[in-house]
Structures are given as structure tokens and as C-alpha cells.
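Single-letter residue listing:
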Amino acid sequence: MEEYVEIPNDMGISFNVQPKMKALEIAERARDAILSGKFHQVCINLATGDMEGHTGDIKATVVACKVADEAVKMIIEATEKVEGVYVVTADHGNAEDMVKRDKSGQPLLDKDGNIQILTSHTLHPVPIAIAGRGLANVAATVMKLPGDYEPTLIEVVRD
């Protein structure tokens, strides 16, 4: 019922030396799986922003985020082609703020006056995007689910 595919990174190469990691290869495999019609669901993990954020290398992290954007675009285009629904989110932040800050939000400096780099996960809210054809019955379906719910985490933003 399930098929797992792992595309390992190149061994022995630091992430900040190879910031694109295997994001495009992962996206190509995901695209092919989506377009194959073989699967009802395809789950993809693009770890570029997270892994680069841990290196503390801001330039490499920017490259990683740009390639993640390219990969997500490829996956979304395939999903739209098959009239599917996609959900894009993350389990935590990391690359969006790589500077250690004091309680007022100001950057912390080291003894030499340089900004301290943050290499750990952040606590910023994580966005989620849900789109595609077939969303017309989502609210009706959710209303039929049993049980008590916590308050929504979704904030509707309109342009």
C-alpha cells in the first residue's frame, strides 16, 4: 500500500558546501510519482532550509531556500496538472531567522561585536498553504467528524 523512496545526500560533503542538497532530484521523483496516477497521496520532505539553517551559513541558507522554492513549484505544478490538492507546511522554523536575539528582539553580539548566529530551530509560527481542486467539500467533511476540537490554527489572509 505504501512505497518509500529515500534520495540520500552526498556523503562526506558539508551541507553548506552543497546547499541545494538533493532538493531538485526529490522534486523530480515526487513530480513523477504524482503524474503517474499510481498514488492517492505523495508525502515529500524537503530538508534544505532546515539543514542549512543548522550550519549557520546565511548565504548557503539563502541558496537552499531558493532551491526549495523551485522544488515546491515543480511539485505544485504536477499536483495542479492532475487536479489534486496540496498542503505545504513545515514542522518548525529554522532558516527564517538565523540571528540570536535578546528579549526585545535586538540581535545579540559576541565579544568582538559580531552578530551571533542562531543555528537552532525557531519558535516562530509556521505557515501552511492548502490549495487545489476538490476543496469544495472540506468544510462539510470536517463538520461531520466526531469529537471536540481545539481552536483553529488557521488565519485567513486575503490580498
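For clarity, every value in this text was computed on a predicted model and none was experimentally measured. (Residues numbered from 1 in each chain as written. Predicted model: local features only at pLDDT ≥ 70, side-chain atom pairs only at ≥ 80, totals over all residues. Heavy atoms only, no water.)

Draft legend 1. View of the pattern of salt bridges. Summed over all chains, the structure comprises 5 salt bridges. Close ionic contact of Arg 31 with Asp 32 constitutes a salt bridge, the shortest N to O distance being 3.1 Å. Asp 32 sits in the partly exposed class, given a relative accessible area of 43%. With a closest N to O distance of 2.9 Å, Asp 97 and Arg 101 form a salt bridge. Using a relative accessible area of 12% as the deciding quantity, one classes Asp 97 as buried. Looking at Arg 101, the relative accessible area reads 38%, which means it is partly exposed. (Salt bridge = Lys/Arg side-chain N within 4 Å of Asp/Glu carboxyl O. Buried < 20%, exposed > 50% of the residue type's maximum accessible area, 1.4 Å probe, protein only.)

Draft legend 2. Structural view of unusual backbone geometry. Although it is not a glycine, Met 21 adopts a positive phi angle of roughly 45 degrees. Checked against the element boundaries, Met 21 lands in the segment before α1 (23-36). Of note, the phi angle at Glu 83 is positive, near 55 degrees, even though the residue is not glycine. With respect to the secondary-structure elements, Glu 83 resides in the loop between α3 (58-81) and β1 (85-88). Looking at Glu 83, the relative accessible area reads 49%, which means it is partly exposed. (Helix = DSSP H or I, 4+ residues; strand = E, 2+ residues; numbered from the N terminus.)

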